[in-house]
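Structural characterization, general
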Amino acid sequence: MVYVNVNLSGGLTCSPRACNRQFDAPPCRRVGTSSGWRQALKRWDQRRERIDFNIGAELARRLVAITVTRADHRHLCGPCRHDVIGAVAHEGKAAPAAAPARLDQRIRLRLGAALAHSVAADNGLETIGEVELGKNLARKFLELVCHHRQFHPAPRKRIQAVLGARIGSRMDRVVGGVIGQHLLVERVEFVLGQPALALDCARQHHLGAAADEVLAALDRDRFEAANFERVVHRGTQIAETVEQRSVEVECNDVEGEFHHARGGDGCDFKPQANGGKAQTMIQKREFAAVILAAGKGTRMKSDLHKVLHPIAGRPMLHHLMASVESLEPARKVVVVGAGREQLEAALGDTARTCLQDPQLGTAHAVQQAESELDGFGGDVLILYGDVPFVREATMRAMLDRLHAEDAPRVVVLGFEPADPLAYGRVIADAEGRIGKMVEFKDASEAERGCGLCNSGLMAARASDLFGLLRRVGNDNTQGEYYLPDIVNIAIGDGDACAVVTTDAPGEVAGINSRAELAAAEAQWQSFRREEAMAEGVTLKAPETVFFSYDTQLGRDVVVEPNVVFGPGVTVADRAHIKSFSHIEGASIGEGAQAGPFARLRPGTVMKKDSFVGNFVEMKAAVLGEGAKASHLTYLGDAEVGARANIGAGTITCNYDGYFKHRTVVGEGAFIGSNSALIAPVSIGRDAIVAAGSAVSGDVADGDLRMVRGEQIVKPGWADRFHDAMKKKKAAAKKGG
């Protein structure tokens, strides 16, 4: 930390606790404004020429390749793509010479912002003019990494104005910090970009050395160096150890991420093994999710609220809520209307609710959330409760696009269906900037030919959103306030709006009828079957197998035709589920077998290599390792030990009409066919229960229990009975 004393003569004096080495300046010396500026730049020129000249051309060439690797995030990189390509148009000998000039421009741009903020913070000059100066410099002239633009003379004039106010004497310190920050950020970006470009080991070593040289130059300031070293060291680690993996750096705010890490919130570097498509440096921004669920759902013709109808055993609203929750929203607001009580009961304390009554359109619905977002200054993501399959990555892309270079006021999620039908169209350019939003009925033939449709999902900053909503009118045939109108209002104000396009139109499919609910179920099941097979599961007739939203299957599991998995099922490796089995709330162990025609109810646990055969039902029961219940058996509220055998027709009599009772069968016990175990009862280890026994008392280890009535034999009785009955029947017919 640097402490400074300012005197009115314009000089700067370091205190005894000040940094002893600030870019080679000896402690406690006075630095004049002009001389400090010149000396700092001279020292920087020497250092810059030594470091930057050798790798300037390499950096310029690689920027184009880095841009190409970011094709999956075109909504983030698009605005700066042309800048990057233009910066390396004259590649070759001119590139090393151009790099120092470009670097000098970028350093000066940062310098203006840093000076203004330093002055306001250190001198306590909290006048409106100085504060505004700092804000304007930070907003207008802080150029981010990868944005290569022409230098403008305005920053120089503003810096001179600051110097004229006799507050520039500390420039040596500020210049040093700014130069060091800039060069480090550029090197960090370059080093982290190497794995994405699959550079060879020799090139990695060269760039790692360059980063180390920068670190050494900055090591004079112990506080900053400690933080810088962590980032650079982590970057070079990645470069050396993940040569075959891809690391993607968020292109539009690398420097912002860097400062964010210094602020204490951390910066996440993630080597990605999936081709680099996942985001790796994630700046956390607060956002709120507003979910519209006030519709009456009349086409469902149901007493159950539309968004509570289940898909794969889970209400469609909860599918959406789970995806939203994975992004860690600051607030979740569900707009309710008809069926409010059902929704509030289903949500519990997982989200706030607000009432839309009367229901006057989607814009009006979002407006109702304003009170729940009072004081919230982050982003707002607008979703629909009957559009449950929006992916986490899609929502993140919308929020990230909101903070791209062109800073759109509204981001719309678009999709390109095979048949656009009567969807509203999004007219946008190649970079995703919207020129117009138009409803199908109002579109021209040329506009109807556009295949990019509006899903209705949007993102906007809270500070913009509600102001735009208040300007939406209802001059339409329905007399309603439509949410898409905010886009055209923002465009009319001269502001940018943007579209992010999903590559999976099915994720924005709305559900308004039983037929659409069935289609959504089929869509979900199809995806899950493909996913299961990709994970090493054998489905002999995939179209006949139905999963729940939380079904977990291990490797080499075999599932035969016509199997239904309810919620809460876990199946371990190499298990075999045979045809026509229904499994819910059960855990099936490694190598276990169930079915055909098995029913495993909640609380069932089949341990390793256990076996359940045809027409066996289990509920709240544990079947031990290697134990068997081969057929026609009911095991309820029971615990069966390892290697025990349960004969055909055996039942546990667990319910007395008021309470459930437990049955325990020891290891290696043998239960004969057609036995009734009347709970509560315990059968000991290696004990035998004879077939046909009704056991109501405990059986000790190794005992035999046989419970049968005395057999009575009456010779010839059956023949005499048959003769008598036949004569009686014949007499009845004759008399009739």
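In this report, we go over the structure that sits alongside the text. Because the structure is predicted, anything quoted here is derived from the model rather than measured. (Residues numbered from 1 in each chain as written. Predicted model: local features only at pLDDT ≥ 70, side-chain atom pairs only at ≥ 80, totals over all residues. Heavy atoms only, no water.)

**A few points about the sheet that holds strand S34 (residues 681-683)**
Formally: At least two DSSP bridges between two strands are required for those strands to pair. Secondary structure elements are taken from DSSP: a helix is a run of H or I of four residues or more, a strand is a run of E of two residues or more, and numbering for both begins at the N terminus.
As summarised here, the arrangement of the eight strands in space is S15-S18-S21-S24-S26-S28-S31-S34, forming an open sheet in which the pairing is parallel. Single-partner strands in this sheet number two, and they are strand S15 (552-553) and S34.

**A few points about the packing of helix H15 (residues 462-469) against helix H16 (residues 485-492)**
Heads up, the rule is: To obtain an axis, a line is fitted to C-alpha atoms, over the contacting stretch when the element is a helix, and the angle between two such axes runs from 0 to 180 degrees between their N-to-C directions. Convention used here: angles under 35 degrees read as roughly parallel, angles over 145 as roughly antiparallel, angles from 65 to 115 as roughly perpendicular, and any remaining angle as oblique. The contact rule is simple, with two residues in contact once any of their heavy atoms fall within 4.5 Å. Residues are grouped as follows: nonpolar covers Ala, Val, Leu, Ile, Met, Phe, Trp, Tyr, Cys and Pro; charged covers Asp, Glu, Lys and Arg; every other residue, Gly included, is treated as polar.
Between H15 and H16, whose axes approach to 10 Å, the crossing angle comes to 100 degrees. Between H15 and H16, the angle falls in the class roughly perpendicular. Judged by residue contacts, Leu465, Leu468 and Leu469 of H15 engage Ile486, Ile489 and Ala490 from H16. Of the residues that constitute the contact of H15 with H16, the class distribution is six nonpolar, no polar and no charged.

**Focus: the environment of Met606**
You can see Met606 is positioned in strand S24 (residues 605-606). Residues Met606 and Gln593 lie 13 residues apart in sequence; the distance between their C-alpha atoms is 8.7 Å. Residue contacts for Met606: discarding those within four places in its chain leaves Ser587, Ile588, Gly589, Ala592, Gln593, Ala594, Leu600, Phe611, Val612, Met618 and Leu623.

**Considering the side chain of Ser675**
Under the convention used in this document: The classification of residues rests on relative accessible area computed with a 1.4 Å probe and restricted to protein chains. Under 20% of the type maximum is buried, over 50% is exposed, and intermediate values are partly exposed.
Structurally, the position occupied by Ser675 is in the loop between strand S32 (670-671) and strand S33 (676-678). When its relative accessible area of 1% is taken as the criterion, Ser675 is described as buried. Contact partners of Ser675, with chain neighbours within four places excluded, come to Gly649, Thr650, Ile651, Val689, Ala690, Ala691, Gly692 and Ser693.

**Regarding the state of the cysteines**
As a reminder, the rule being used: Here, two cysteine sulfur atoms that lie within 2.5 Å of each other are counted as a disulfide.
Under the criterion given, the structure shown has zero disulfides. There is no disulfide at Cys450, and the cysteine sulfur nearest it, in Cys453, is 7.1 Å away.

**Quick look at the pattern of salt bridges**
The following threshold applies: Here a salt bridge means any side-chain nitrogen of Lys or Arg lying within 4 Å of a carboxyl oxygen belonging to Asp or Glu.
By the definition in use, this model includes 25 salt bridges. Where Glu372 meets Arg352, a salt bridge forms, and the shortest distance between an N and an O atom there is 3.7 Å. Linking Glu372 in the loop between helix H12 (362-367) and strand S8 (379-384) with Arg352 in strand S7 (residues 352-355), this pair joins segments that are 20 residues apart in sequence. Glu372 sits in the partly exposed class, given a relative accessible area of 21%. The exposure class of Arg352 is partly exposed, given its relative accessible area of 39%. Two residues, Glu667 and Arg643, come together in a salt bridge whose shortest N-O distance is 3.8 Å.

**Remarks on the nonpolar core**
Selection rule: Residues belong to a common nonpolar core when they are buried Ala, Val, Leu, Ile, Met, Phe, Trp, Tyr or Cys residues joined through side-chain atoms within 4.5 Å.
With 123 residues, the main nonpolar core has Ile486, Phe565 and Ile683 as its most contacted residues. When residues in this core are grouped by element, the largest group, seven residues, is from strand S3 (residues 287-293). In contact with Ile486, not counting residues within four places along its chain, are Val410, Met458, Leu465, Leu468, Leu469 and Val472.

**As for the packing of aromatic side chains**
Just so we agree on the cut-off: Only Phe, Tyr and Trp rings take part, Trp by its six-membered ring, and two of them pair if their centres are within 6.5 Å. Stacked means planes under 30 degrees apart, edge-to-face means over 60, and tilted covers everything else. A ring is considered to have a charge above it if a Lys NZ or an Arg CZ atom is located within 6 Å of its centre and within 35 degrees of its normal.
Inspection of every chain in the model, using the stated rule, returns five aromatic pairs. Relative to Phe615, the ring of Phe597 has its centre 5.0 Å away and its plane inclined at 10 degrees; by these criteria the two rings are stacked. Remark: Phe615 occurs in strand S25 (residues 611-619) and Phe597 occurs in the loop between strand S22 (593-594) and strand S23 (599-600); sequence separation between them is 18 residues. Residue Phe597 is classed as partly exposed on the basis of its relative accessible area of 38%. Here the aromatic rings of Trp717 and Phe721 are separated by 5.4 Å at their centres, their planes lie at 5 degrees, and the arrangement is stacked. Remark: Phe721 and Trp717 occur in helix H18 (residues 717-735); sequence separation between them is four residues, near one turn of the helix. Take Trp717: its relative accessible area is 47%, and that puts it in the partly exposed class. Looking at Phe721, the relative accessible area reads 40%, which means it is partly exposed. Positioned over the ring face of Phe546 is Arg529, at 5.0 Å from the centre of the ring. In this arrangement the basic side chain of Lys660 is found over the ring face of Tyr655, its NZ or CZ atom lying 5.6 Å from the centre.

**A closer look at unusual backbone geometry**
In this model, Asp357 is joined to Pro358 through a cis peptide bond whose omega is 5 degrees. Relative to the assigned elements, Pro358 resides in the loop between S7 and H12. The amide bond that connects Ala679 to the next residue, Pro680, takes the cis arrangement and shows omega of 0 degrees. Residue position: Pro680 is located in the loop between S33 and S34. The phi angle at Ala407 is positive, at roughly 45 degrees, despite the residue not being glycine. Mapped onto the elements, Ala407 comes out in the loop between helix H13 (392-402) and strand S9 (410-415). Positioned with a positive phi, Leu632 is a non-glycine residue whose angle comes to about 50 degrees. Structurally, the position occupied by Leu632 is in strand S27 (residues 628-636).

**Considerations on the side chain of Arg331**
What counts here: Neither His nor the chain termini are counted; the positive set is Lys and Arg, and the negative set is Asp and Glu. We call two N or O atoms a polar contact when they sit within 3.5 Å, provided that within protein one can donate a hydrogen and the other can accept it, with sequence-adjacent residues counted only if both atoms are side-chain atoms.
Within the secondary structure layout, Arg331 lies in strand S6 (residues 331-336). Buried and unpaired, Arg331 has Glu372 as its nearest opposite-charge partner, separated by 6.6 Å. Engagement of the side chain of Arg331 in a polar contact is seen with the backbone oxygen of Glu372, the distance being 2.9 Å. Excluding residues that lie within four positions of it along the chain, Arg331 makes contacts with Phe287, Ala288, Ala289, Arg352, Glu372, Leu373, Asp374, Gly375 and Phe376.

**Remarks on the pairing of strand S11 (residues 434-438)**
Strand direction decides the pairing type here: strand S10 (residues 425-428) and S11, joined by four bridges, are antiparallel. Pairing of Val426 across the sheet is with Met437, part of S11. Between S10 and the antiparallel strand that follows it, S11, lie five residues; Gly432 among them carries a positive phi value of about 85 degrees.

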